[in-house]
Structures are given as structure tokens and as C-alpha cells.
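Examining the three-dimensional arrangement
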Amino acid sequence: MLLKTFGWSFAVTALGLVAAVFYGGWEAFGVVAILAVLEISLSFDNAVVNAGILKKMNAFWQKIFLTVGVLIAVFGMRLVFPVVIVAITAKLNPIDAVHLAFADKDRYQQLVTDAHPAIAAFGGMFLLMIFLDFIFEDRDIQWLRWIERPLAKLGKVDMLSVCIALIVLLITSFTFATQAHQHGGIHADKAQTVLISGIAGLITYMIVGGLSGFFEERLEEEEEREHEEEEEAARTGKKKSAVLLAGQAAFFMFLYLEVLDASFSFDGVIGAFAITNDIVMMALGLGIGAMYVRSLTVYLVRQGTLDDYVYLEHGAHYAIGALALILMVTIQYEINEVITGLVGVVLIALSFWSSVRRNRALAAAGAGSGEKAEVSSGV
């Protein structure tokens, strides 16, 4: 099972490291290995959230996620995306941008760094909306109940998450722009860039997420129509498979997954420049890391890990919220990538530990008092 799931990741790792040695010797080998570890550590929460979405899709679309999705993630976000950002920022055609990436690596790095406010605003808003919509939803299972219960009640207010996201964006753009003007940081005109990019991220989330939700609701209606059939199957002892997303529903959910992955990859791409400004080594290292994130996503789905450890998804979404705020802060201030990665790892580790405690409490209490154990096992 492990080899079947991670086989391609192992193969890509071997090929990527060998290519690194041929490209730049053992020094390149070390850089690519470090970048791969960086990408995995920064994107572990991505895998958990992806798994929660991927488990709703049928086998065909899960394979699409592992094939076409990998090409988009590895070549699109880790190789093409930085070049496109440079081309737009410096107003160059793509060919000149690629030439710049190889011929003048320092200038290429500077142009990507200059584009960071726009990148951070777009990704920060997209991820913040994911977190807010999760935390404002009334859920049967709650992890941090003292936070989630009152927020779930507030979530009944229409468009609350959008209002909060826009308030955060306005505060970020104008506060940082004012400080930059006074202290010689980013230019004041960056406020407009940050504002437009943040709104673009918000619109992207609402379009892609809205379409995914629409088709998912249609699927739920189909599930309700088949409810009687499921009950009949349960009475006869036959197990009926859950209805999985397919067709248009799965397509838009796939688009949502890709935009989500792109938002998660922003910090990895930007953080990679702290290690190297060589576009080839960046693509190799981050590409290897992206493969493991994909494989880990499928592993979590096939093992039913999210069903067994029910707070993992909560921890991942809290990590998303933290990452969104970190991205917004990095528009003006530098934050070490190690801190960014550790925040996500710590939150997921705590949610895993809480899940283990919950499972032990349920096992100890027995089936008759399972509901009581559920209440006592929350944080």
C-alpha cells in the first residue's frame, strides 16, 4: 500500500536528485534536498485539507488529481508561475523572462521579491476565506469548542466571512502602505496593488468555491433521493458505497483543489529564494516536495485517516488561518520560513493528539456512553 501510494514520489525524488547532481554537482544535490523538505513541511496542512476534498471525488478524478494535477503543481506553480510573475511585474514577454531567470539570477530574484505583496495579498485572501468559512460553519464535531461554538452562531449572519476578509484586506493595505511611506518601506502606491490583488483572491475563491459548492449540493440532493435505497441495503446486510463526486461537480472541485494548492505554494516559492535563486534547482526541489504532498493526500484518503482522527481537519484549517495572516504580514515584514512551517506542524500535531485522546475516551467509555465521551474529549 505504501509503495503503491508513494511509488511515483520515490521515483521523482531519485530522478530529481540525480538531475541535480548532473546540473550542479553535490552542492546542487544538497540544495534540492533542502528545498524538497521545505516544501513538504510548509505544505503538510495542504495535504490534510486536500484529503478532505479528494475523498468526495470518484476514482477517475482522484487519478486526474495525481496526474494532470501534479503537472499543474510541479511545472505550473513551481516553474512557470515565478516566470509569469516576473514577466508581468517587469513587463517582459515570457521568453525574455525565462532568459532573465538563467542569465541574471539576482535580477530575477529581485523582481519576484518585488511582486511579493501582490502574491501574498492574493494567496492570503484566498486562504483566509477557506478558514473563515470553515470556522463559521456549525459542525457536529468541534475541536476547540470554546472558540468554535460562539463562532458557529455568528456564522449564521450572511456574508460575515466576506466582510471580515475585506476588513482585514483594507487594514493591511492602508496600514502597511502608511508605515512604508513614513519609514521608507514599500511605496505607498503598493496599497492599490495589495488591494486589487486581495480582491482578486477573494473573487477567485467565491467563483471556484461557489461553483464547487453548487454542484456538491446537487450531489447531496441525489444522495437524499437514494437514502431509502441505502436503508434497504443496510437492512439486508449489503454495504452500499457512498455517492462520489463525478462529472461537472468533480471538475469544479478539481479546479478548487488546484487553486487551493496554488495558494499554498506561494510561501514555498517565495521562501525558496532564501535558499537559492536558481530556477532549475527551485523547480527540482519544490517539485519533489509537491509530489510527496500529492501522495500524502491520497494516502490519507485511502487509509481513512480523517475519519479516524476527526480533529485533523480542524488543525489543518487553523494552520490555513495562521498561514493567511502570515502572508498578509509578510507584505511589510519578513518572517522566517521555519516559523511558517512550524506553526502548521504544531497545530496539526495538537489536533492529532486531541484525536487520539478522543478515540481512547470513546473506547474506554464503550458504545453505550460514546456521546458522553465525545463531549469530554474536546479541548
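Residues numbered from 1 in each chain as written. Predicted model: local features only at pLDDT ≥ 70, side-chain atom pairs only at ≥ 80, totals over all residues. Heavy atoms only, no water.

This brings us to the overall build of the protein. Looking only at helices and strands, one finds 15 helices and 0 strands in the protein. Across the 379 residues in the protein, those meeting the buried criterion constitute 48%. Taking as baseline every contact in the protein between residues at least 6 positions apart, the subset at least 24 positions apart corresponds to 83%. Summed over all atoms, the accessible surface of the protein reaches about 18,900 Å², with 65% contributed by carbon and sulfur. (Helix = DSSP H or I, 4+ residues; strand = E, 2+ residues; numbered from the N terminus. Buried < 20%, exposed > 50% of the residue type's maximum accessible area, 1.4 Å probe, protein only. Contact = heavy atoms within 4.5 Å. Areas by Shrake-Rupley, 256 points an atom, 1.4 Å probe, with all protein chains shown as cover.)

Attention now goes to the environment of G198. As for its position among the elements, G198 is in helix α8 (residues 190–225). In the structure, G198 is positioned 77 residues away from A121 in sequence and 4.6 Å away in space, judged by C-alpha atoms. Once residues within four sequence positions are removed from consideration, G198 is found in contact with A121, F122, M125 and L169.

The next point concerns the side chain of T330. One can find T330 in the loop between α13 (312–329) and α14 (337–365). Beyond its immediate chain neighbours, meaning those up to four positions away, T330 contacts H116, A120 and I335.

To continue, consider the confidence of the model for the protein. Per-residue pLDDT for the protein averages 76, and the proportion of residues at 70 or more is 75%. Within the protein, the lowest mean pLDDT, 45, falls on helix α15 (residues 370–376), and the highest, 86, falls on helix α6 (residues 145–154). This model gives residues 370–377 a pLDDT under 50, and the stretch forms 14 contacts once residues within four places in sequence are excluded. (pLDDT = per-residue confidence, 0-100.)

A cluster of nonpolar residues, L166, I199, I203 and I207, forms a patch on the protein surface that exposes about 310 Å² of accessible area. With 3 residues, α8 is the largest single contributor of residues to the nonpolar patch. Tracing the backbone shows I203 in helix α8. (Patch = residues over 30% accessible without salt bridge, like charges linked within 9 Å, V, L, I, M, F, W, Y side chains within 5 Å. Salt bridge = Lys/Arg side-chain N within 4 Å of Asp/Glu carboxyl O.)

Looking at the element boundaries, N58 is found in the loop between α1 (2–54) and α2 (59–89). The class for N58 is buried, based on a relative accessible area of 19%. Sequence-wise, N58 and A250 are 192 residues apart; in three dimensions their C-alpha atoms are separated by 7.9 Å.

The next thing to look at is helix α11 (residues 279–303). The end-to-end C-alpha separation of α11 is 36 Å, in line with the 36 Å expected for 25 residues at 1.5 Å each. The buried fraction of α11 is high, at 20 of 25 residues. (Expected span 1.5 Å × (residues − 1).)

Core analysis: the biggest nonpolar cluster contains 66 residues, and M57 and Y256 have the highest contact counts within it. Elements with a contribution of two residues or more to this core: α1, α2, α5 (116–135), α7 (160–183), α8, α10 (247–272), α11 and α13. (Core = buried A, V, L, I, M, F, W, Y, C linked by side-chain atoms within 4.5 Å.)

This brings us to empty space enclosed by the protein. Summed over all chains, the structure comprises 2 cavities of 30 Å³ or more. Estimates place the volume of the second largest cavity at around 30 Å³. Among the residues forming the lining of the second largest cavity, the class breakdown is 2 nonpolar, 2 polar and 3 charged. (1 Å grid on protein atoms, 1.4 Å probe; cavity = no way out; pocket = protein on both sides within 12 Å on 5 of 7 lines; lining within 4 Å. Points joined across faces, edges and corners; volume = space filled by probe spheres on them. Nonpolar A, V, L, I, M, F, W, Y, C, P; charged D, E, K, R; others polar.)

To continue, consider the packing of aromatic side chains. Given two aromatic rings, their pairing is described by the distance between the two centres and the angle made by the two planes. Inspection of the entire model under this criterion finds 6 aromatic pairs. Aromatic pair Y309 and F352: ring centres 4.8 Å apart, planes at 35°, arrangement tilted. Placement of the pair is Y309 in the loop between α12 (305–308) and α13 and F352 in helix α14, with a sequence separation of 43 residues. Residue classification places F352 among the partly exposed residues on the basis of a relative accessible area of 36%. The ring centre of W353 lies 5.0 Å from the NZ or CZ of R357, which sits over that ring. (Phe/Tyr/Trp six-rings, centres within 6.5 Å; stacked < 30°, edge-to-face > 60°. Lys NZ or Arg CZ within 6 Å of the ring centre and 35° of its normal.)

Take α5 next. Three- or four-residue spacings in an α-helix give side chains the same orientation, since the helix completes a turn every 3.6 residues. Along its 20 residues, α5 runs 28 Å from first to last C-alpha, staying within 8% of the 28 Å computed at 1.5 Å per residue. In terms of residue burial, α5 counts as a mostly covered element, since 17 of its 20 residues are buried.

So, on to the side chain of H314. Along the chain, H314 turns up in helix α13. Side-chain polar atoms of H314 contact the backbone oxygen of I141, separated by 3.0 Å. Beyond its immediate sequence surroundings of up to four residues, H314 is in contact with F134, R139, I141, Q142, W143 and E148. (Polar contact = N/O pair within 3.5 Å; in protein donor to acceptor, adjacent residues only side chain to side chain.)

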